Amino acid sequence: RAVARAGDARARGTRLVLLARALERTKQLDSARVTYDLAARDLAPIADWLALRALALDPDSARRAARAAALTLDPARARALWAEAQARERLLDWSGAAAIYERLGQPVDMWRVRLLAASDSASRASVRTGLFALVETRGGTPLARSAVEILDASFPTHSASEELIIGRSAAASGPVDRAVRGLSRALTAGLGTPQDRFSYATLLSRTGKDADAARQFAKITTGPLAGRAAYQRARSLLRSGSGDAASAALDRLLARFPRDTAAASSALFLRADLASDAQRDAAARAGFRRLAARYPTSALAAEARFRAALIAYIADSARVAAAELDTLARRYPSSDEALPALYWSARSWEKAGDSAAARERWQRVLKPEPVSYYALLAARRTGAALPAIVSARDSFTVFPDLDAAMRRASLLEDTGMAPEAGWEYDAIAAAADSSVERLLATAAAFRDRAMSVRAINLARRALARGAAADARTYRLVYPLVQQDALLAEAAEHKLDPILVAALIRQESSFYPQAISPAGARGLMQLMPSLGSQLARAARFPTWDVALLWQPDVNMQLGMTHLATLMRADTVLAHVLAAYNAGEARVDRWTTKHGTSDPEIFVERIPYAETRDYVRIIERNRFIYHSLYVWR
């Protein structure tokens, strides 16, 4: 009825595609094929994709070959063999489908089809052997993960040695619970290496089973992993609430493995960090200095020097701090701590009364990366104007084939053909590398369709290849999507929209379907439990966790949460840290000496992720303020 009432060719074609999809799902394959062909007459731009759908439903091999030969779009031609394999599967031509999947380099699909064809135990055993060989040789890859899913679904039990193969692969590719189960069974049976036990213990710790993890780490007493295992055991004991046992474990580690630079320096760092948490700054400083002196080549040496010098600054030993920070900047010029050291050296010299030395160092902070967290701080201290991002209009070279491909992809999305749209977008992104201008034009096209992650990645590639670092390029790297909803919600919650944009850019890159490893969802990365709590408080008439994927809902709840945090604490650094790590942790961190100064608070955040999070959002605020007109 809808097809009959269509007012124009596009509407009729779109409705025909929807009808064809419904017929396909209800197994009316001949009718679906004919309907796809009818739709292709009305929707010429995507006729090749509709022909591929019809090809996969066509029982006649000659017609399938003719359809494939008639394809003109490169992305569609690249999928022709896949459609042929699907057609053969529907026709129960298992050997033909398997051969095509093998030719396509898709061993999982090949074995899956062979399993469907297996009619006796010997055939099933052959498939089982092939799948296990795939997991073993391609362990830790998505292919191996898919193979494990088939093995677990199709074969009731595995031997301990097979569980070891699965456990090793799943430890790298997931899921974590499958890795734990496989490694546990293998190790219980006496199989596995110290590396397998280390992986098993690490996974236990990741799933919150720290006491069990500590017991497993304790079993690794010799070999190159012994020192690392001893350190991780101490961390697991600490997380499980056994603080005294953790301290004793660190002492034993330092006595047993003094030449293991990674393990011993990590132990010294953790001990000093714990002293800092307990507000024993003198002990913490001594520990950090001991680490730097004893293990100068350690990956932690520069950070240890920085933390020791910061404690000296907090304790009013400004000249000592300045000298140590200057030494750090000279000795570790390429480290992540070099720029912070230069900035805090300037503050130390200022505190010591040497304003000329301070200003000289702040000027050096501004040079290497003008738009950075520390450059912002240095500019505030000196009153200097940060270099403005060069103004440039959003004007891009026109590429007719790019525009045509984008229109095809949009039409495919309108008709519900999401896989085909994705293949078009993949081909568009791959073709962008032909020139810098094409990279920028493609990034702009993705941004204009709210596909911000693709836009950001392409714009970064353009910058790496020499694109001008002007406002035109920066607006692609720092897009502003869902602007009207963002402005409306920010006004409703009395929040600075620039801050909200800066936060969303860090949380999700403006991708509504973003999900973190911990399960946080959507633009503002809300955990389902928090989303439910906020929705109840807002008196939502109904709630489903899927609502967190909706941009307007996610922003409404996320800004409610952000506004609540800002009412509880007026210091922005505290608010941002709480958004990332939780209010309870921020309450602990603010008890450290010197943290009444927000800049020192940021430096004394023990979690590198949260420390960087606060710095990045502060930088993002400046960039978003510079790039867009805010009303």
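Keep in mind the model is a prediction, meaning the values are calculated, not measured.

(A) Molecular detail of the packing of aromatic side chains. Under the counting rule described, the total for this entry stands at 17 aromatic pairs. An angle of 50 degrees between the planes, with centres 5.8 Å apart, marks the rings of Tyr343 and Tyr374 as tilted. Highlighted residues: Tyr343 in helix H21 (residues 338–351) and Tyr374 in helix H23 (residues 373–382), separated in sequence by 31 residues. When sorted by exposure, Tyr343 lands in the same class as Tyr374, which is buried. When the ring of Tyr478 is compared with that of Tyr624, the centres are 6.0 Å apart and the planes differ by 90 degrees; the resulting orientation is edge-to-face. Pair noted here: Tyr478 is in the loop between helix H28 (471–477) and helix H29 (483–492) and Tyr624 is in helix H36 (residues 608–627), with a separation of 146 residues, a long-range link. On the basis of relative accessible area, Tyr478 is assigned to the buried category, the value being 9%. Of the residues examined, Tyr624 reaches a relative accessible area of 0% and is grouped as buried. Cluster of aromatic residues (ring-pair linked, three or more members): Tyr313, Tyr343, Trp344, Trp362, Tyr373 and Tyr374.

(B) How the structure looks around helix H25 (residues 418–431). An ideal rise of 1.5 Å per residue puts 20 Å on 14 residues; H25 measures up with 20 Å between its terminal C-alpha atoms. Within H25, the full set of buried residues consists of Glu420, Ala421, Glu424, Tyr425, Ile428 and Ala429. At its buried positions, H25 is contacted by helix H3 (47–57), helix H5 (74–77), helix H24 (400–414), helix H26 (436–448) and helix H27 (452–464).

(C) Expanded view of the side chain of Arg64. Relative to the helices and strands, Arg64 is located in helix H4 (residues 61–70). On the basis of relative accessibility, which here comes to 4%, the residue Arg64 falls in the buried class. Within polar-contact distance, the side chain of Arg64 engages the backbone oxygen of Pro59 at 3.5 Å.

(D) Region of the structure containing the confidence of the model for the protein chain. In the predicted model, the protein chain carries a mean pLDDT of 95, and the fraction of residues at 70 or more is 100%. The weakest mean pLDDT in the protein chain belongs to H23 at 93; the strongest belongs to helix H19 (residues 301–314) at 98.

(E) Looking closely at empty space enclosed by the protein. Per the stated rule, a full pass over the model turns up one cavity of 30 Å³ or more. The calculated volume of the largest cavity comes to roughly 90 Å³. Asp273, Ser276, Phe288, Arg307, Leu310, Ile311, Ile314, Lys592, Glu603 and Arg604 are the residues that line the largest cavity. For the lining of the largest cavity, the secondary structure elements donating two or more residues are helix H17 (261–277) and H19. It is H19 that contributes the most residues to the lining of the largest cavity, four residues altogether. Its residues placed into classes, the lining of the largest cavity shows four nonpolar, one polar and five charged.

(F) Here's a closer look at the nonpolar core. By size, the foremost hydrophobic cluster in this structure holds 139 residues, and its most contacted members are Leu50, Trp344, Phe446, Leu486, Met524 and Tyr624. When neighbours within four sequence positions are excluded, Trp344 is seen to be in contact with Phe306, Leu310, Tyr313, Leu325, Tyr374, Glu599, Ile600 and Glu603. Leu237, Ala264, Leu268 and Ala272 belong to the second-largest nonpolar core, a separate cluster that totals 27 residues.

(G) Structural detail: the packing of H23 against H36. Direction vectors running N to C along H23 and H36 enclose 65 degrees, while the axes themselves pass 8 Å from each other. As the angle between them shows, H23 and H36 are arranged roughly perpendicular. Once H23 is placed against H36, the crossing between them reads as left-handed. Every residue of H36 that contacts H23 at Tyr373, Tyr374, Leu376 and Arg380 is listed here: Arg615, Glu618, Arg619 and Phe622. Among the residues making up the contact of H23 with H36, the classes are represented as four nonpolar, no polar and four charged.

Conventions used here
Residues numbered from 1 in each chain as written. Predicted model: local features only at pLDDT ≥ 70, side-chain atom pairs only at ≥ 80, totals over all residues. Heavy atoms only, no water. Phe/Tyr/Trp six-rings, centres within 6.5 Å; stacked < 30°, edge-to-face > 60°. Helix = DSSP H or I, 4+ residues; strand = E, 2+ residues; numbered from the N terminus. Buried < 20%, exposed > 50% of the residue type's maximum accessible area, 1.4 Å probe, protein only. Expected span 1.5 Å × (residues − 1). Contact = heavy atoms within 4.5 Å. Polar contact = N/O pair within 3.5 Å; in protein donor to acceptor, adjacent residues only side chain to side chain. pLDDT = per-residue confidence, 0-100. 1 Å grid on protein atoms, 1.4 Å probe; cavity = no way out; pocket = protein on both sides within 12 Å on 5 of 7 lines; lining within 4 Å. Points joined across faces, edges and corners; volume = space filled by probe spheres on them. Nonpolar A, V, L, I, M, F, W, Y, C, P; charged D, E, K, R; others polar. Core = buried A, V, L, I, M, F, W, Y, C linked by side-chain atoms within 4.5 Å. Axes fitted to C-alpha atoms, helices over the stretch in contact; angles between N-to-C directions. Parallel < 35°, antiparallel > 145°, perpendicular 65-115°, else oblique. Left-handed = near helix turned anticlockwise from the far one by under 90°.

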